[in-house]
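Architecture at a glance
Listed below, chain by chain, are the residues.
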Amino acid sequence: MSFLANILPWIQVILAVLLVILILLQQSQEGLGSAFGGGASGGVFHAKRGAEKFLFVSTIILAVLFIILNILHLFV
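One structure accompanies this document, and this report is about it. (Residues numbered from 1 in each chain as written. Predicted model: local features only at pLDDT ≥ 70, side-chain atom pairs only at ≥ 80, totals over all residues. Heavy atoms only, no water.)

To continue, consider helix H2 (residues 51-75). Compared with an ideal rise of 1.5 Å per residue, which puts 25 residues at 36 Å, H2 spans 36 Å between its outermost C-alpha atoms and is within 8% of the ideal. Residues Leu55, Ser58, Thr59, Leu62 and Leu69 constitute the buried set of H2. Packed against the buried residues of H2 are helix H1 (2-25). (Helix = DSSP H or I, 4+ residues; strand = E, 2+ residues; numbered from the N terminus. Expected span 1.5 Å × (residues − 1). Buried < 20%, exposed > 50% of the residue type's maximum accessible area, 1.4 Å probe, protein only. Contact = heavy atoms within 4.5 Å.)

The following block contains the structure:
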């Protein structure tokens, strides 16, 4: 149990860095203007394909792993 308590924070840091990188690699459809009320796209959606879908799914998986490890850290 001591080994897990020592290595768990390092795994969390690695996952956090990977999660930030994956989020920053994803394309934004609206840009910064949408944060201020601009960039009306008219509700146009597109299907994710190829690398975009891989990044999207990988981000979700890493986020779930990060949350699970944080909950596990509470009990270790």
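From this point, things continue past the structure.
Here we take up the nonpolar core. One finds Leu8, Leu15, Leu19, Leu22, Leu55, Leu62 and Leu69 forming the largest nonpolar core, which totals seven residues. Those elements that place two or more of their residues in this core are H1 and H2. If one sorts the elements of this core by residue count, H1 sits on top with four residues. Apart from the residues within four sequence positions on either side, Leu55 is in contact with Leu22, Leu25 and Gln26. (Core = buried A, V, L, I, M, F, W, Y, C linked by side-chain atoms within 4.5 Å.)

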